[in-house]
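Coordinate inspection notes
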Amino acid sequence: MSAAPPQVQSLTCPNCGAPLTVRSMGRAVTIVCDRCHSILDAKDPQLRILQRFEAATGDEVPLIPLGTRGKWRGADYQAIGFQVRTMEVDGIAYSWREYLLFSPYKGFRYFTEYNGHWNDCSVVTALPEAQGTSAKYLGKKYKHFQTCTAKTTFVLGEFPWRVTVDDAVAVTDYIAPPYVLSSETAGSETTWTLGEYVHGADIWKAFGLPGVAPMPIGVYENQLSQLRVSAGRTWFAFAGLVTAMFVIFTLNQLFSQREQVFQEAYRFSPSSTEASFVTPEFELKGRTSDVEVETNADVSNQWIYLNYALIDEVTGQAYDFGREVSYYSGVDSDGQWKEGGRHDRAVLPSVPPGRYYLRVEPESDASFGLIGYTVTVTRDVPVLSVYLVAFAALLLPALLISWRTYNFEQMRWAESGHPKRSIGGGSDE
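Position numbers for residues count from 1 along each chain, tracking the sequence in the order it is written. With the structure being a predicted model, the display of local features is reserved for residues of pLDDT at least 70 and the display and counting of side-chain atom pairs for 80 or more, all residues being used for whole-chain, interface and lining totals. Side-chain metrics in this entry use all non-hydrogen atoms of the structure; hydrogen atoms and water are not considered.

Brief notes about the overall build of the chain
In DSSP terms, a helix is any run of H or I states spanning at least four residues, a strand is any run of E spanning at least two, and both are numbered starting from the N terminus. Along the chain, the regular secondary structure elements total 3 helices and 26 strands. Whereas a compact globule of 429 residues would reach a radius of gyration of roughly 22 Å, the chain reaches 39 Å, over 25% beyond that. Counting only C-alpha atoms and orienting by the principal axes, one finds that the chain spans roughly 135 × 55 × 40 Å. Remark: exposure states derive from per-residue accessible area (1.4 Å probe, protein chains only) relative to the maximum for the residue type, with buried under 20%, exposed over 50%, and partly exposed in between. Across the 429 residues of the chain, 40% fall into the buried class. Exposure was quantified through the Shrake-Rupley algorithm and a 1.4 Å probe, taking into account, for residues, occlusion by the shown protein chains and nothing else. On the chain, roughly 23700 Å² of surface is accessible, and the fraction owed to carbon and sulfur atoms is 53%. Here the chain contributes 37 positive and 47 negative side-chain charges, whose respective centroids are spaced 11 Å apart. Within these notes, the globule rule equals 2.2 Å times the number of residues to the 0.38 power, and the radius of gyration is based on C-alpha atoms. When charges are counted, Lys and Arg contribute as positive and Asp and Glu as negative, whereas His and the chain ends are disregarded. Positions of charges follow a simple convention, taking NZ of Lys, CZ of Arg, CG of Asp or CD of Glu.

Below, the structure written as structure tokens:
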């Protein structure tokens, strides 16, 4: 009589005798002993040893301990497997970690983690279309990010596929933040997965992990820039506000009265000991509006400074300001030159209606002769400078956010196979 096939009475490691825990309800293909790190064939009744490898467990402690349970995407999952995968670029090794999760009702999914950046990944349900530097999946287009060879350098727990240390696959990533579409090719078999960038804090909360999630370092390939969203909204708001400002400016230009309420010509002798005076009264009618005080001086290689005060006759409220008018010209080795001008314009905002007069105190160099000047007061004039300042105030945050968004994308693509060209030089995308 032939012998019955051997039966596993208890799941213990055939290499070191440590107890093994199977969490995937018989779906495991590979089990890794967490004591001696022997990789075992879970489908073999004798748990045949597939591979032994040396590893320092202290160096690779899973942030999500195997056996940890949590609710994710509305389903209960348990962490059952952990592996470290490594690629090498320009002689530098880069490693990331993968956590295999199992749900009796939803099956398998896994988290990936690199420098504090996490992705929630699952095998795709349809075959993506990859062509050149892009791929398309369920109507969404993804851009090629990088292609590399990844090796498995550490494993723990159980897996529904055959896994051994030094397994190598060709990995190609296509991104459309916050998503990453990845293909893994080993021999003639290719597996596609779709990952979505998630925050470590959400994983910590869902699985009740102690402490806090590691802080992300740098910019990850499919990390969604909040600044990019903000930049779009900022430019949208900028366009709306500038349009409204243009409408207001146009209405202001159309309906400003530009009413001249005072004009007088004066002559000033710089040698005079008492040159200050007050003008006759004039009336500012209508609503509160801005007031323009215009000075035209007959100066030539001279200057005149005028201390003005617009004074309300009834309340005594004074609006003090000073203006200088200077004009110089001549000829030198470079030809004719000139500097300054004979005209000056000052605008006082929000002056209420009433009866006013100007107090004027002119000053100049005592060596100058008589200087003639004219003072003109006009109410309710359109002021372009106010709108220019407002435009600059609106434009600055939009430019700042756009600049930060640009730098974010530069950092993202610097780690890819298509580094973007930096301003003033660099590489092409």
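Digging into the pairing of strand β20 (residues 318–332)
Every regular strand shows the same layout, with side chains that alternate between the two sheet faces. Of the strand pairs in this sheet, strand β19 (residues 302–312) and β20 are connected by 10 bridges, and their pairing is antiparallel. Bridging from a neighbouring strand, Asn 307 pairs with Gly 322 of β20. Bridging between β20 and strand β21 (residues 335–341) involves 7 bridges; their strand directions are antiparallel. In the strand pairing of β21, Tyr 328 is matched with Glu 339. Between any two strands, at least two bridges found by DSSP are needed for them to pair. The antiparallel pairing of β20 with β21 creates a hairpin that spans 2 residues between the two strands.

What about the environment of Phe 159?
Considering the arrangement of structural elements, one finds Phe 159 in strand β11 (residues 140–159). You can call Phe 159 buried: its relative accessible area is 2%. Between the C-alpha atom of Phe 159 and that of Ile 31, which follows or precedes it by 128 residues, the distance is 6.5 Å. In contact with Phe 159, other than residues within four places in its own chain, are Ala 28, Val 29, Thr 30, Val 32, Gly 81, Phe 82, Gln 83 and Leu 100. Here, residues are in contact when the closest pair of their heavy atoms is within 4.5 Å.

Examining the sheet that holds strand β24 (residues 371–379)
An order of β15-β24-β18-β22 is seen for the 4 strands of this open sheet, with the pairing classed as antiparallel. Each edge of the open sheet carries a strand with a single partner, namely β15 (259–268) and β22 (343–351). Between one strand axis and the next, the sheet turns through 15° on average, direction left out of account. Judged from the 7 bridges that link them, strand β18 (residues 289–297) and β22 form a sheet pairing that is antiparallel. Note that in β22 the partner of Ser 289 across the bridge is Val 351. To obtain each axis, a line is fitted to C-alpha atoms, and for helices this fit is confined to the stretch in contact; angles are then taken between N-to-C directions over 0 to 180 degrees.

With respect to the nonpolar core
For soluble globular proteins, nonpolar side chains are generally found buried alongside one another. The term nonpolar core refers to a set of buried residues drawn from Ala, Val, Leu, Ile, Met, Phe, Trp, Tyr and Cys, joined through side-chain atoms within 4.5 Å. Ranked by size, the top nonpolar core spans 30 residues in total, and within it Ile 64, Trp 72, Phe 111, Trp 118, Val 155, Ile 203 and Phe 207 carry the most contacts. For this core, the elements supplying multiple residues, two or more each, are β5 (75–89), β6 (92–103), β7 (107–114), β8 (117–123), β11 and α1 (200–206). Looking at this core element by element, the count peaks at 6 residues for β5. Filtering out sequence-adjacent residues up to four positions away, Ile 64 remains in contact with Ala 79, Tyr 99, Phe 111, Trp 118, Ile 203 and Leu 209. Counting residues in each nonpolar core, the second largest holds 29 residues, with Val 261, Leu 284, Tyr 319 and Tyr 327 among its members.

Concerning the side chain of Asp 120
In this structure, Asp 120 sits in strand β8. A distance of 2.9 Å separates polar atoms of two side chains, one belonging to Asp 120 and the other to Arg 109. Residues contacting Asp 120, with those up to four places away along its chain left out, are Trp 72, Arg 73, Arg 109, Tyr 110, Phe 111, Leu 194, Gly 195, Glu 196 and Val 198. For the purposes of these results, a polar contact is taken to be a pair of N or O atoms within 3.5 Å, where, inside protein, one atom must be able to donate a hydrogen and its partner to accept one; residues adjacent in sequence count only when each atom of the pair is a side-chain atom.

Focus on the environment of Cys 13
You can see Cys 13 is positioned in the segment before β1 (30–32). For the pair Cys 13 and Cys 36, spaced 23 residues apart in sequence, the C-alpha to C-alpha distance is 8.6 Å.

Overview of the confidence of the model for the chain
Values of pLDDT, which run from 0 to 100, indicate the predictor's confidence residue by residue. Taken as a whole, the chain shows an average pLDDT of 88; of its residues, 93% reach a score of 70 or greater. Segment residues 1–10: pLDDT under 50, and 4 contacts once partners within four positions in sequence are set aside and those in other chains are kept. Confidence over residues 422–429 falls short of pLDDT 50; this stretch has 17 contacts with residues more than four positions distant or in other chains.

Re the packing of aromatic side chains
A ring pair, where both rings are aromatic, is described by two values, the distance of the centres and the angle of the planes. Two aromatic rings from Phe, Tyr or Trp, using only the six-membered ring of Trp, form a pair when their centres are within 6.5 Å; if the ring planes differ by under 30 degrees the pair is stacked, by over 60 it is edge-to-face, and anything between is tilted. All chains considered together, the criterion is met by 20 aromatic pairs. Geometrically, the ring pair formed by Phe 102 and Phe 108 is tilted, given 5.0 Å between the ring centres and 45° between the ring planes. For Phe 102, a relative accessible area of 3% translates into the label buried. Aromatic side chains Trp 235 and Phe 238 sit 5.3 Å apart centroid to centroid with 85° between the ring planes, which places their arrangement in the edge-to-face category. Linking Trp 235 with Phe 238, this pair stays in helix α2 (residues 226–255), spanning 3 residues, or about one helical turn.

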